[in-house]
Number of protein chains: 4
Amino acid sequence: MPDGDLTERRRQEITAAAFKVFAERGYHATGIADIARELGFGHGTFYRYFANKRDIVTHVIEVAIQRIVAAVGAESPDLADTAEEYHAQLQRIGRGLYDLFIDDPQLARIFFFESGGVDQELTERMLETTELFGSLTEPYLRNGVEKGFLRADLDVPVTARAINGMIIAGALAAFRADDSAAARDRWVKSAADLIINGTRTRAATEEGQLPPRSTAATA
Amino acid sequence: MPDGDLTERRRQEITAAAFKVFAERGYHATGIADIARELGFGHGTFYRYFANKRDIVTHVIEVAIQRIVAAVGAESPDLADTAEEYHAQLQRIGRGLYDLFIDDPQLARIFFFESGGVDQELTERMLETTELFGSLTEPYLRNGVEKGFLRADLDVPVTARAINGMIIAGALAAFRADDSAAARDRWVKSAADLIINGTRTRAATEEGQLPPRSTAATA
Amino acid sequence: MPDGDLTERRRQEITAAAFKVFAERGYHATGIADIARELGFGHGTFYRYFANKRDIVTHVIEVAIQRIVAAVGAESPDLADTAEEYHAQLQRIGRGLYDLFIDDPQLARIFFFESGGVDQELTERMLETTELFGSLTEPYLRNGVEKGFLRADLDVPVTARAINGMIIAGALAAFRADDSAAARDRWVKSAADLIINGTRTRAATEEGQLPPRSTAATA
Amino acid sequence: MPDGDLTERRRQEITAAAFKVFAERGYHATGIADIARELGFGHGTFYRYFANKRDIVTHVIEVAIQRIVAAVGAESPDLADTAEEYHAQLQRIGRGLYDLFIDDPQLARIFFFESGGVDQELTERMLETTELFGSLTEPYLRNGVEKGFLRADLDVPVTARAINGMIIAGALAAFRADDSAAARDRWVKSAADLIINGTRTRAATEEGQLPPRSTAATA
DNA sequence: CATGAATGAGACTTCATTCAT
DNA sequence: GATGAATGAAGTCTCATTCAT
């Protein structure tokens with residue numbers, strides 16, 4: 001396999017093309033020839049840059065994971081000092097993720113649908129990634145618990161993963177939505193409200209004047 | 001294709017065998033011969049009961065969906081009259097689902113990993129099912145809103161789907177847990193707490209003595 | 001892979017066809033499709049009876065070896081009691097082998113030319129076979145030494161292999177000869193004479209009136 | 001294709017490298033890139049010096065043949081005047097050949113195993129070479145017949161080729177021997193004895209005191 | 001001259017599906 | 001109805017060869 005900067009650029013080109021074709025037709029329905037055709041070169045060329053079909057799918061998935069991680073990693077876990085700030089942060093993250101999947105629907109398809117169904121090893125990799133996302137979410141909760149605006153008895157690891165589950169649901173919703181902007185706002189608001197109300201302390205609730213805490217039922 | 005009761009029994013046998021083998025090796029790695037061998041008959045016989053390989057996977061997924069729906073459908077949406085009852089109901093449902101996936105890990109594998117990766121149509125079917133689960137969860141929330149123990153301004157459809165996302169996360173967690181009973185209890189508690197606290201009215205919070213509403217931070 | 005008598009017959013058919021095609025075009029120039037075409041069936045069928053291309057060549061070579069062994073094995077090592085009888089026996093064996101290769105030129109091609117050039121393992125197998133032929137020739141010499149008509153100081157193992165070398169040369173000669181019957185007789189006579197005169201005791205020489213022991217030079 | 005002395009040197013370098021690599025991995029398992037890598041240049045360069053892969057193997061085989069011919073050609077056919085001298089000459093030739101193959105096992109591999117398996121034409125070339133060796137051996141016998149120490153009725157062409165067959169056997173033995181020096185001496189002695197005793201006149205036998213003519217059986 | 005990126009013919013192999021028995 | 005032998009489309013991968021730089 002050749003080296004150098006040009007080679008790396010070529011590998012990225014191929015990975016991008018494979019990303020697209022896998023998302024469109026699915027891993028198994030895609031032939032190496034399809035990837036090559038997408039870029040307009042002979043299929044033999046593919047093998048100059050990747051060892052085999054299994055090799056490219058690994059790279060494609062890895063790119064997908066990196067993109068998602070990058071979208072989440074824009075925020076800092078200890079940024080929020082109050083429930084309000086956390087609530088705002090949740091919405092920023094949610095909106096970012098939602099937009100990510102809206103702008104690149106292939107990303108969702110690759111990550112959610114294609115990473116299963118290839119083989120045991122890749123399925124395992126996806127579960128590990130789920131775990132990684134879990135551990136990335138934990139610090140946000142821990143920050144809130146330590147600063148006293150989230151419940152002290154929160155089961156942080158489990159709650160973190162439950163929250164991620166909502167994100168997954170959001171991503172799938174993004175996948176089907178017609179009016180994506182409106183859907184995003186409804187979805188982000190509901191999820192953020194659910195999380196903030198479900199996790200903050202009573203004290204935080206009473207002090208703040210958070211919009212989600214409806215008083216309608218008390219009237 | 002043969003008719004009669006015996007035929008239907010045979011189809012179910014094959015579906016069950018396919019369910020098992022698909023879960024173990026994955027759809028694409030499984031041959032028709034593997035399914036037939038599992039049941040000890042010739043693989044030509046398979047085609048007397050199903051049109052083709054694509055046909056059987058549809059049935060397998062359908063069985064998986066039915067099993068999950070059955071587990072959820074044991075409860076009645078309008079059973080709960082108070083936040084406490086809803087909280088208890090949430091835990092019953094959660095525990096039921098968790099146990100379902102623990103008792104039958106193949107179910108999770110089929111539904112989460114294999115229903116992607118086959119083709120566009122089946123992926124679509126899985127998304128529809130996600131929608132179905134969303135609409136099955138809605139009545140529980142609507143019941144609470146109507147009876148006044150859940151927030152009136154709840155975006156019911158969206159929140160229902162967010163809650164389902166937590167369930168998905170729980171199912172995936174079940175998939176990896178070592179001590180399943182302990183994991184289940186932690187998981188169900190956290191998710192139910194998150195939901196109840198995130199969705200109920202302030203009045204309901206103040207009246208009831210719900211365990212999750214920590215007072216530690218107020219001390 | 002299917003079993004039964006019919007299956008075995010099919011395997012033999014395919015082996016025979018492969019034998020022919022390998023001999024005609026050589027192992028590497030032959031595709032599985034060529035073997036299948038020879039028998040008039042689809043190339044996929046080949047794989048019902050043999051695991052892969054390497055598998056069939058093993059069988060083909062083994063058949064070739066068996067045929068040669070069978071041709072040699074017709075004689076019994078302890079049959080000859082005198083140099084004359086041994087001389088006659090040598091000619092019978094030589095004629096048998098020569099005819100074998102004349103009747104089936106493919107046999108020589110397979111054994112001498114194709115068994116090298118496939119891979120290390122098969123080359124090794126051919127060398128082992130050469131060894132086997134060596135050990136099959138030894139008893140003939142040992143018989144003669146024990147009965148006193150061959151030289152007592154004969155290095156039996158080495159001489160046996162040297163004799164086999166002549167046989168190889170004869171086989172190659174058979175390969176090129178125009179008038180095969182005449183070539184055979186000249187060749188068998190010369191080789192048998194060379195061997196008998198080269199190995200017998202002086203006593204045996206003087207007693208017998210063997211034709212090869214020319215007296216021309218003494219005149 | 002470039003010309004000049006330097007070009008010729010390059011061609012020889014490549015031929016030598018190909019010789020080595022073909023011997024190690026076999027013709028079909030060797031890629032042009034393997035040859036180029038052996039010399040540390042780009043594989044495209046190969047095609048400036050040889051037309052194609054088939055072209056280089058021709059040259060490699062030719063080199064192998066030349067080396068063997070050179071080893072045999074060191075002797076002069078009319079050097080021997082008596083059976084004793086011929087016997088000594090046989091041993092010199094035999095020892096030379098044996099050492100040639102011991103010192104350069106690749107030579108044997110190329111000539112015996114790789115010249116088969118390539119294609120019809122090269123196989124033909126090897127058979128022609130066998131013929132050449134036959135005609136190279138003939139003069140030695142003819143010399144003996146003319147000078148009267150070899151049997152007058154010897155079928156010179158055929159016997160020459162039979163003798164060559166022993167040489168082939170010796171070369172293959174060299175290929176497998178553990179203690180090459182000891183194996184060589186045993187082998188050369190046996191073959192030379194077999195030949196001299198098998199070809200000389202009775203008169204020559206009685207006059208000379210050749211060691212191989214055992215008298216043990218006459219006692 | 002040297003290079004190595006690109007190419008595509010072609011070989012192997014699998015397996016869903018058909019169909020005669 | 002059951003079977004499994006036969007099939008060939010289709011896919012992966014290799015590598016000799018070309019040719020622009």
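Residues numbered from 1 in each chain as written. Chains lettered and ligands numbered in written order. Predicted model: local features only at pLDDT ≥ 70, side-chain atom pairs only at ≥ 80, totals over all residues. Heavy atoms only, no water.

Identification of chain A as HTH tetR-type domain-containing protein from Actinoallomurus vinaceus is taken from an unreviewed UniProt entry.

Topic: the interface of chain D and chain C
The following threshold applies: A contact between two residues is defined here by any heavy atoms of the two lying within 4.5 Å. The term buried area refers to how much accessible surface (probe radius 1.4 Å) is lost by two components on association, counted for both of them together. Any Lys or Arg side-chain nitrogen located within 4 Å of an Asp or Glu carboxyl oxygen qualifies as a salt bridge. Helical segments are the DSSP runs of H or I of at least four residues, strand segments are the runs of E of at least two, and each set is numbered from the N terminus. Residues were grouped as follows: Ala, Val, Leu, Ile, Met, Phe, Trp, Tyr, Cys and Pro as nonpolar; Asp, Glu, Lys and Arg as charged; and all remaining residues, including Gly, as polar.
The interface is formed by 52 residues belonging to chain D together with 53 residues belonging to chain C. Around 4600 Å² of area is buried between chain D and chain C when both sides are counted, 59% of it from carbon and sulfur atoms. On the surface where chain D and chain C come into contact, there are five salt bridges. As a salt-bridge pair, Arg 151 of chain C and Asp 193 of chain D come within 3.9 Å of each other at their nearest N and O atoms. Within the residue set of the side of chain D that touches chain C, elements represented by two or more residues are α6 (105-114), α7 (120-147), α8 (156-176), α9 (180-199) and α10 (202-207) of chain D. Residue composition of the side of chain D that touches chain C, grouped by class: 19 nonpolar, 16 polar and 17 charged.

Side note on the packing of aromatic side chains
Worth spelling out the cut-off: Pairing of aromatic rings covers Phe, Tyr and Trp, the last through its six-membered ring, and needs centres within 6.5 Å; plane angles under 30 degrees mean stacked, over 60 mean edge-to-face, and all others mean tilted. The buried label applies to any residue whose accessible area, calculated with a 1.4 Å probe on protein chains only, is under 20% of its type's maximum; exposed applies above 50%, and partly exposed to all values in between. Any Lys NZ or Arg CZ found within 6 Å of a ring centre and within 35 degrees of that ring's normal is scored as a charge over the ring.
By the definition in use, this model includes 28 aromatic pairs over all chains. Ring centres 5.8 Å apart and planes at 45° place the aromatic pair Phe 101 of chain B and Phe 112 of chain B in the tilted group. With a gap of 11 residues between them, Phe 101 of chain B in helix α5 (residues 83-103) and Phe 112 of chain B in helix α6 (residues 105-114) connect regions that are remote in the sequence. Centroid distance Tyr 86 of chain C to Phe 149 of chain C: 6.0 Å. Interplanar angle 45°. Geometry classified as tilted. Taken together, the residues Tyr 86 of chain C in helix α5 (residues 83-103) and Phe 149 of chain C in the loop between α7 (120-147) and α8 (156-176) connect sequence positions 63 residues apart. Assigned by exposure class, Tyr 86 of chain C and Phe 149 of chain C land together as buried. Aromatic ring contacts, followed pair by pair, group Phe 101, Phe 111, Phe 112 and Phe 133 of chain A into a single cluster. The aromatic ring of Phe 50 of chain B is capped on one face by Arg 11 of chain B, whose charged end is 4.7 Å from the ring centroid. Across the ring face of Phe 19 of chain D, the terminal group of Arg 67 of chain D is positioned such that the distance to the ring centre comes to 4.5 Å.

Observations regarding the relation of the copies chain D and chain C
So the rule is basically this: For this overlay, a least-squares fit was computed on C-alpha atoms, restricted to residues scoring pLDDT of at least 70 in both copies.
Note on the identical chains: chain D maps onto chain C by a rotation of 179° and an axial translation of 0.0 Å, with an RMSD of 0.3 Å. One copy is carried onto the other by what is essentially a two-fold rotation axis. Here 100% of the contact residues of chain D are again contact residues in chain C; the copies associate through an equivalent surface.

With respect to the side chain of Asp 34 of chain A
Residues and elements named next belong to chain A. The line we're drawing: Any N or O atom pair separated by 3.5 Å or less is treated as a polar contact, with the protein-specific requirement of one donor-capable and one acceptor-capable atom, and with residues adjacent in sequence counted only for side-chain atom pairs.
Looking at where Asp 34 falls in the secondary structure, it is placed in helix α2 (residues 32-39). Given the relative accessible area of 12%, Asp 34 is considered buried. Here Gly 31 takes part through its backbone nitrogen, which lies 2.8 Å from a polar atom of the side chain of Asp 34. Setting aside anything within four residues of it in sequence, one finds Asp 34 in contact with Val 21, Arg 25 and Ala 29.

Some thoughts on the side chain of Arg 151 of chain C
Residues and elements named next belong to chain C. Its place among the elements puts Arg 151 in the loop between α7 and α8. For Arg 151, a relative accessible area of 3% gives the class buried. Within the structure, the side chain of Arg 151 is placed 2.9 Å from the backbone oxygen of Gly 198, a separation counted as a polar contact.

Some words on the pattern of salt bridges
All names here are of chain A. Tallied over the entire structure, the rule returns 89 salt bridges over all chains. With a shortest N-O distance of 3.0 Å, Asp 34 and Arg 37 are connected by a salt bridge. Taken together, the residues span about one helical turn, with Asp 34 and Arg 37 both in helix α2 at a distance of three residues. One salt-bridge network, in which partners are shared between bridges, spans Arg 95, Asp 99, Arg 184 and Asp 185.

A look at the packing of helix α1 (residues 5-25) of chain C against helix α6 (residues 105-114) of chain C
All names here are of chain C. Short version of the rule: Note on geometry: axes are C-alpha line fits, over the in-contact stretch for helices, and angles between N-to-C directions span 0 to 180 degrees. The labels follow the angle: roughly parallel below 35 degrees, roughly antiparallel above 145, roughly perpendicular from 65 to 115, and oblique for the rest. What makes a crossing left-handed is the near helix being turned counterclockwise from the far one by less than a right angle; a clockwise turn instead makes it right-handed.
Put simply, α1 and α6 touch, their axes get as near as 9 Å, and they point 65° apart. When the axis of α1 is compared with that of α6, the two are roughly perpendicular. Seen from above, α1 lies across α6 with left-handed handedness. Of the residues in α6, those in contact with Phe 19, Lys 20, Phe 22, Ala 23 and Glu 24 of α1 are Gln 106, Leu 107, Arg 109, Ile 110 and Glu 114. Class assignment for the residues of the contact of α1 with α6 results in five nonpolar, one polar and four charged.

Re the confidence of the model for chain A
Stated formally: For every residue, the predictor reports its confidence as pLDDT, a number between 0 and 100.
With 90% of its residues at a pLDDT of 70 or more, chain A has an overall mean of 88. Within the model, pLDDT remains below 50 along residues 208-219 of chain A, and this stretch shows 29 contacts once partners closer than five positions in the same chain are excluded.

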